[in-house]
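Descriptive structure summary
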Amino acid sequence: MRKIKVSRQVCWAVAGLALIASSSCTRASDSTEQTFTARDGGTVARVSIPDSEPRSLGTYRAEVTWPDGTQATMQTARDGMIDTVWLADLDGDGTPELVVATSVVGSGAYGDVQVYHRTGGTLTGLAMPPVGDDGAPGYMGHDVFSVRDGRLFRTYPVYREGDANAEPTGGEAVFWYSLADSTWVRQPDSATTPP
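In this text, all values refer to a predicted model and were calculated from it rather than measured experimentally. (Residues numbered from 1 in each chain as written. Predicted model: local features only at pLDDT ≥ 70, side-chain atom pairs only at ≥ 80, totals over all residues. Heavy atoms only, no water.)

From N to C terminus, the protein chain includes zero helices and 16 strands. Sorting the 195 residues of the protein chain into buried and exposed places 42% on the buried side. For the protein chain, the exposed surface amounts to about 9,800 Å²; the carbon and sulfur share of it is 49%. (Helix = DSSP H or I, 4+ residues; strand = E, 2+ residues; numbered from the N terminus. Buried < 20%, exposed > 50% of the residue type's maximum accessible area, 1.4 Å probe, protein only. Areas by Shrake-Rupley, 256 points an atom, 1.4 Å probe, with all protein chains shown as cover.)

As structure tokens, this is what we get:
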């Protein structure tokens, strides 16, 4: 069971079928194309993987329509499956950013996230920084992304030397993304180094 959070709403996707918990979150059910729809106020975003591509590698297409009727479309390369799509105002300017989180297929489920900002009538992808100045010690994937209170968070389990892939023992590292500074900021009460 994969949890998909979109615009502070939750959907549960089971075996390719969607059980909709809110009208703010939908997935295509009339085709094999994987599609996510996110809404924030009058802004609507649709992100989809073409049905001709494997889910683990390829591209995705994003289309955003803003309340003033302006529409932008872009397509970009994708390494992994789309896990989550949000519209969230990360910089507090009143216009939500499009956030797309992906994870690589495999035991590590290494995650990645891309943020797109409105620039006039286009979507501009922001250069996302690596997590932590210290190279994120204890990091072995299993990223979980979430949006809360206008912030994008990244959480992952911290592994000690010798930990099995399914049994991390070093707690959790939690970061939030500062768009203004283009950096991941550590939560002070999270484990960011192996004990």
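Now that the structure has been shown, the text picks up again.
Following the sequence through the fold, methionine 128 ends up in the loop between strand S12 (122-125) and strand S13 (144-148). Discounting chain neighbours no more than four positions away, the residues touching methionine 128 are Val113, Gln114, Val115, Tyr177 and Trp184. (Contact = heavy atoms within 4.5 Å.)

Right, let's talk about the sheet that holds strand S11 (residues 111-119) for a bit. One open sheet holds the four strands; their spatial order is S9-S10-S11-S12, and the pairing between them is antiparallel. This sheet does not close on itself; its edge strands, each paired only once, are strand S9 (81-88) and S12. Taken pair by pair, the neighbouring strands of this sheet meet at an average axis angle of 25°, ignoring direction. Relative to S11, strand S10 (residues 97-103) runs antiparallel, the two being bridged by six bridges. Its bridge partner lying in S11, threonine 102 is registered against aspartate 112. (Pairing = 2+ DSSP bridges. Axes fitted to C-alpha atoms, helices over the stretch in contact; angles between N-to-C directions.)

Another aspect to go through is unusual backbone geometry. With a phi close to 50°, aspartate 149 is a non-glycine residue in the positive phi region. Of note, aspartate 149 is situated in the loop between S13 and strand S14 (151-157). Notably, serine 182 is not glycine yet its phi reads approximately 50°, a positive angle. Here serine 182 is to be found in the loop between strand S15 (172-178) and strand S16 (183-186). Take serine 182: its relative accessible area is 35%, and that puts it in the partly exposed class.

Let's shift gears to the packing of aromatic side chains. Per the counting criterion, the structure on display carries four aromatic pairs. Both rings, one in tyrosine 156 and one in phenylalanine 175, keep their centres 6.0 Å apart while their planes meet at 20°; by these two values the pair is stacked. One end of the pair, tyrosine 156, is in strand S14; the other, phenylalanine 175, is in strand S15, with 19 residues separating them in the sequence. Across the pair, exposure class does not vary: tyrosine 156 and phenylalanine 175 are buried alike. Among the aromatic residues, those joined into a ring-pair cluster are Tyr110, Tyr139, Tyr156 and Phe175. Geometry around tryptophan 66 places arginine 118 over its ring, the cationic atom sitting 4.3 Å from the centre. In this arrangement the basic side chain of arginine 148 is found over the ring face of phenylalanine 153, its NZ or CZ atom lying 3.9 Å from the centre. (Phe/Tyr/Trp six-rings, centres within 6.5 Å; stacked < 30°, edge-to-face > 60°. Lys NZ or Arg CZ within 6 Å of the ring centre and 35° of its normal.)

Another aspect to go through is the nonpolar core. Counting 19 residues, the largest nonpolar core has Leu90, Leu152 and Trp184 as the members making the most contacts within it. Of all the secondary-structure elements, those providing two or more residues to this core are S9, S10, S11, S13, S14 and S15. Broken down by element, this core gets its largest block of residues, three residues, from S15. Beyond its immediate stretch of four places on either side in the chain, leucine 152 contacts Trp86, Leu90, Val99, Val113, Val115, Ser146, Val147, Phe175, Trp176, Tyr177 and Trp184. Grouped together as the second largest cluster of nonpolar side chains are 18 residues, Val47, Met74, Ile82 and Tyr116 included. (Core = buried A, V, L, I, M, F, W, Y, C linked by side-chain atoms within 4.5 Å.)

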